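Descriptive analysis of the structure
In case you want the letters, here they are:
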Amino acid sequence: NAGVTQTPKFRVLKTGQSMTLLCAQDMNHEYMYWYRQDPGMGLRLIHYSVGEGTTAKGEVPDGYNVSRLKKQNFLLGLESAAPSQTSVYFCASSYHPGQGNQPQHFGDGTRLSIL
Amino acid sequence: TQLLEQSPQFLSIQEGENLTVYCNSSSVFSSLQWYRQEPGEGPVLLVTVVTGGEVKKLKRLTFQFGDARKDSSLHITAAQPGDTGLYLCAGSWDMRFGAGTRLTVKP
């Protein structure tokens, strides 16, 4: 079972460069999420999607864009990377949260460093 | 601003000891989830508590949801090195996580 797959696992960027993080899930989940995890801050929601073609802002959306063109994929883009975006990024997916308190299933993260 | 406050932030104990970690909020949650995260991996769900006052047990782990559904606790009995990890609570619907308690159990 692949579950939630994130690519790449590691990346180093220079300030101002752009990149896209890919998240793929094979569980037919409607909801998908992007979080960043920084020391002492826990997981903070960047953007999320409640279905194909829809996205919404989370707690810390500035500097990021997302797209959900296919139900199984959720892309996170950094248009102009900044050192403050150095973090570990996690993607997650779930069924509708209201349907039996569904858990989120997480990928193993992408460690991104911006120099 | 963290809606969910977890304490303590760090906890280091010897194998065999008991411990309790807490998740507190000023908000009422319809349910609350506990996750454990190990280094290099994503969080994995341990339990969901739904009813105020509910107690759930998972082997040596006991989870309790406060009567007012604003807080929760996780108690581990006779901790083992395999319990080492970051314990996170999250409010359902809210998609927000606490900052976590980093537990280290020394052999």
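To be clear, the structure that these remarks concern was listed above.
Model, not experiment: these values are computed from the prediction.

Turning our eyes to something else, we now look at the overall build of chain B. Within chain B, the secondary structure is distributed over zero helices and 11 strands. The linear arrangement of helices and strands in chain B, starting from the amino end, is β-β-β-β-β-β-β-β-β-β-β. Relative to the globule expectation of 13 Å for 107 residues, the C-alpha radius of gyration of chain B, 13 Å, shows essentially globular dimensions. C-alpha atoms of chain B, sized along the principal axes, occupy 40 × 25 × 20 Å. Taking the intrachain contacts of chain B between residues at least 6 apart in sequence as the baseline, contacts between residues at least 24 apart amount to 53%. Total accessible area on chain B stands at roughly 5100 Å², and carbon and sulfur atoms take up 50% of it. Computing the positive centroid from 10 side-chain charges and the negative centroid from 10, chain B places the two 2 Å apart.

Another aspect to go through is the interface of chain A and chain B. With 21 residues of chain A at the contact, the number on the chain B side is 23 residues. Between chain A and chain B, the buried area comes to about 1700 Å², and carbon and sulfur atoms account for 58% of it. Among the salt bridges present, the one from A:E59 reaches B:R96, with a minimum N-O distance of 3.9 Å. In terms of residues, the side of chain A that touches chain B owes the most to one element, strand β5 (residues 42-51) of chain A, which gives four residues. Here the side of chain A that touches chain B is built from residues that sort into 10 nonpolar, nine polar and two charged.

Looking now at the state of the cysteines. Residue and element names in this part refer to chain A. Evaluated as defined, the whole model comprises two disulfides over all chains. A disulfide bridge connects C23 with C91, and the sulfur atoms are separated by 1.9 Å. Between C23 and C91 the sulfur-sulfur dihedral comes to about -75°; the bridge is accordingly left-handed. Here C91 lies in strand β9 (residues 87-94) and C23 lies in strand β3 (residues 19-25), a separation of 68 residues in the sequence.

Definitions and limits used
Residues numbered from 1 in each chain as written. Chains lettered and ligands numbered in written order. Predicted model: local features only at pLDDT ≥ 70, side-chain atom pairs only at ≥ 80, totals over all residues. Heavy atoms only, no water. Helix = DSSP H or I, 4+ residues; strand = E, 2+ residues; numbered from the N terminus. Rg over C-alpha atoms; globule rule 2.2 N^0.38 Å. Contact = heavy atoms within 4.5 Å. Areas by Shrake-Rupley, 256 points an atom, 1.4 Å probe, with all protein chains shown as cover. Lys, Arg positive; Asp, Glu negative; His and termini not counted. Charge placed at Lys NZ, Arg CZ, Asp CG, Glu CD. Buried area = accessible area lost by both parts, 1.4 Å probe. Salt bridge = Lys/Arg side-chain N within 4 Å of Asp/Glu carboxyl O. Nonpolar A, V, L, I, M, F, W, Y, C, P; charged D, E, K, R; others polar. Disulfide = S-S within 2.5 Å.

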